[in-house]
Amino acid sequence: MTDHPAATVAGITPAPGAKLEPDAIGAAQDTIIGMASSAPAATVGLSLAALAAATAYGSGPILILTAIPMLIIANAYRRLNLWKANTGASFEWVGRAINPYLGFLTGWLMIAAYIIGTVAEVLLLGPSVLAVFGYSSTNTAAYIVIGCAMGLIMLVIAVIGIKLTARVQVSMAAVEYLILIGLAIAGLVYVLNGHPGTVPITKGWFSLSGVDGKGDAVAGFLVAVFVYGGWDGTLYVNEEVKHRRVNPGRAAIVAVALLAIIYTLSQVGFQGVLSPAKLQEAANNGTALVTAAQVIGGGFWAKAMALSIALSVIATTGTGIVLSARIVYGMASYRVLPEFLGTVSRRYSTPVASSIIVGLLIVILSAVYYLSASVENAFFDVIDVTGLLFSIFYILTALAAMVYYRRRIISSPWDFAAVGLLPLGAAGFLGWIFVKSFAAAPWSQRWSLIGIIIAGLILMISARFIQRSTFFQMPRESEVRPHRRTGRH
């Protein structure tokens with residue numbers, strides 16, 4: 001395939017029609033959307049026991065170290081968005097910089113990761129909402145009704161417009177983060193005071209091998225990848241952000257930095273409040289954080305934590321619909337997915353068709369999980385599969401940035417490190433985690449991942465030979481020449 005500089009390629013543009021609303025939200029709102037996509041409170045609730053057990057309480061260093069490659073990859077996203085700001089993001093970046101077939105698979109994995117990851121969070125909604133009102137029911141029907149009702153409400157908000165979505169996200173985030181961070185600090189103080197039943201803080205908490213060397217760093221890193229996953233959501237609404245080429249990338253970096261602080265503080269603050277047995281039991285019931293808050297401050301704070309988790313799940317359900325729909329829209333605009341998914345409502349300036357399809361799919365899959373498997377099995381299977389999916393497309397995006405900006409790598413020592421060495425190291429780290437984790441995963445998880453990839457290959461063949469999308473005929477692109485140091489990205 002011929003290699004063309006970006007400036008000389010007219011490009012194959014999406015089909016004309018109604019467009020998403022430009023300059024609709026600011027950088028701060030975009031940052032909140034990325035953080036909400038990661039769902040701090042809900043994610044801590046899902047991963048608290050798993051991360052503590054995997055790392056033998058050495059989770060703090062694991063989370064901090066995982067943030068480093070995430071920041072490097074976020075910078076790769078920033079650079080690529082300076083090149084092309086579009087809702088398909090990595091789908092188009094990988095397709096144009098490396099190979100269109102690989103670009104399609106990247107887009108498909110992004111859609112799968114966001115939908116499955118959202119379902120994983122929705123599984124916490126039923127128990128959390130009931131806990132807010134003082135109920136501890138494990139009634140599956142109640143969980144399904146709550147999940148479906150909230151999913152449909154967030155779908156309506158997503159359809160109405162990105163401005164309403166952003167306002168709702170900011171309002172919920174303010175309450176969620178205040179409760180989560182406040183109780184995490186209280187939990188840390190509670191443990192440091194040596195209350196009965198707590199796990200004392202030892203030097204093992206600050207080691208990659210955990211307490212008594214019983215931690216599994218690889219298993220911990222995989223959970224941590226799932227924990228951070230979602231910050232890239234800032235890029236999928238880039239066509240609706242002010243200064244669309246600059247702000248979304250900056251928002252991604254800020255989101256990762258803030259999430260690193262929140263996740264590390266929350267994990268360290270809560271993991272020692274309960275004994276390992278009680279923490280695991282609470283996690284199996286989806287109430288790890290609520291139970292910890294109950295121990296720390298009693299019933300009122302338990303309800304407050306349940307509210308924080310419920311808001312987190314509601315927020316990530318909304319962003320899951322919004323972001324997945326925009327990835328689908330970006331791909332369908334090139335006819336690699338059914339064309340009707342690439343249309344935008346002239347009334348709402350949103351991709352209504354793709355939003356409805358994604359929203360209903362999330363609602364249905366959440367109900368199926370409740371009906372077909374225990375909450376415990378659903379939690380951990382979904383977490384592990386989602387971590388693997390995020391690893392794959394983060395790696396491919398980092399490589400796309402290296403390939404597109406490859407002429408920079410030899411232009412200066414700074415660019416050699418920033419454009420070449422660091423992204424390669426971050427991709428290598430995630431690749432190592434992926435290989436180790438896949439090898440250790442049970443076959444149920446392996447087949448889930450293999451099935452997702454096979455489904456993507458079938459869709460790709462259909463797009464290429466049935467829909468005859470011209471996306472697969474795009475030539476490779478690269479930056480024309482490095483910028484001078486005074487104007488480097």
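Each remark here, short or long, concerns the structure printed above.
This structure is a prediction, so every number in the text was calculated from the model and none was measured.

A. Quick look at the overall build of the protein chain. Along the backbone of the protein chain there are 19 helices and 2 strands. What you see for the protein chain is a C-alpha radius of gyration of 22 Å, in line with the 23 Å of a compact globule of 489 residues. Dimensions of the protein chain, computed from C-alpha atoms along their principal axes, come out at roughly 70 × 50 × 40 Å. Per-residue burial for the protein chain yields a buried fraction of 58% across its 489 residues.

B. Here's a closer look at a nonpolar patch on the surface. Taken together, Leu-152, Ile-356, Leu-360, Ile-364 and Val-368 make up a surface patch of nonpolar side chains, about 400 Å² in accessible area. No other element matches the 4 residues that helix 15 (residues 352–372) contributes to the nonpolar patch. Within the element layout of this structure, Leu-152 appears in helix 7 (residues 140–160). What makes Leu-152 partly exposed here is its relative accessible area of 40%.

C. Structural detail: the side chain of Ser-469. Examined against the element boundaries, Ser-469 turns out to sit in the loop between helix 19 (443–465) and strand 2 (476–478). A distance of 2.5 Å separates the side chain of Ser-469 from the backbone oxygen of Tyr-334, its partner in a polar contact. Apart from the residues within four sequence positions on either side, Ser-469 is in contact with Tyr-334, Arg-335, Val-336, Ala-463 and Arg-464.

D. Highlighting the environment of Ile-179. Among the structural elements, Ile-179 can be located in helix 8 (residues 162–192). Distance from Ile-179 to Ala-306, taken between C-alpha atoms, is 9.7 Å for residues 127 residues apart in sequence. Ignoring anything within four residues of it in the chain, the contact list for Ile-179 reads Ala-304, Met-305, Leu-307 and Ser-308.

E. Quick peek at the nonpolar core. Within the largest apolar cluster, 158 residues are counted, with the highest numbers of intra-cluster contacts made by Trp-231, Tyr-236, Phe-270, Val-336 and Phe-393. With 17 residues, the top contributor of residues to this core is helix 14 (residues 299–332). Residues in contact with Phe-393, not counting those within four places in the same chain, are Tyr-77, Thr-106, Leu-109, Met-110, Ala-113, Tyr-114, Asp-232 and Tyr-236.

F. Just unusual backbone geometry, in detail. Despite not being glycine, Ala-39 has its phi angle at roughly 55°, a positive value. With respect to the helices and strands, Ala-39 occurs in the loop between helix 1 (27–38) and helix 2 (40–55). Exposure remark for Ala-39: the relative accessible area of 0% places this residue in the buried category. Positive phi, close to 55°, is recorded for His-243, a residue that is not glycine. Within the fold, His-243 resides in the loop between helix 10 (233–236) and helix 11 (247–270).

Conventions and cut-offs
Residues numbered from 1 in each chain as written. Predicted model: local features only at pLDDT ≥ 70, side-chain atom pairs only at ≥ 80, totals over all residues. Heavy atoms only, no water. Helix = DSSP H or I, 4+ residues; strand = E, 2+ residues; numbered from the N terminus. Rg over C-alpha atoms; globule rule 2.2 N^0.38 Å. Buried < 20%, exposed > 50% of the residue type's maximum accessible area, 1.4 Å probe, protein only. Patch = residues over 30% accessible without salt bridge, like charges linked within 9 Å, V, L, I, M, F, W, Y side chains within 5 Å. Areas by Shrake-Rupley, 256 points an atom, 1.4 Å probe, with all protein chains shown as cover. Salt bridge = Lys/Arg side-chain N within 4 Å of Asp/Glu carboxyl O. Polar contact = N/O pair within 3.5 Å; in protein donor to acceptor, adjacent residues only side chain to side chain. Contact = heavy atoms within 4.5 Å. Core = buried A, V, L, I, M, F, W, Y, C linked by side-chain atoms within 4.5 Å.

By themselves, these are just geometric observations and shouldn't be taken as functional.
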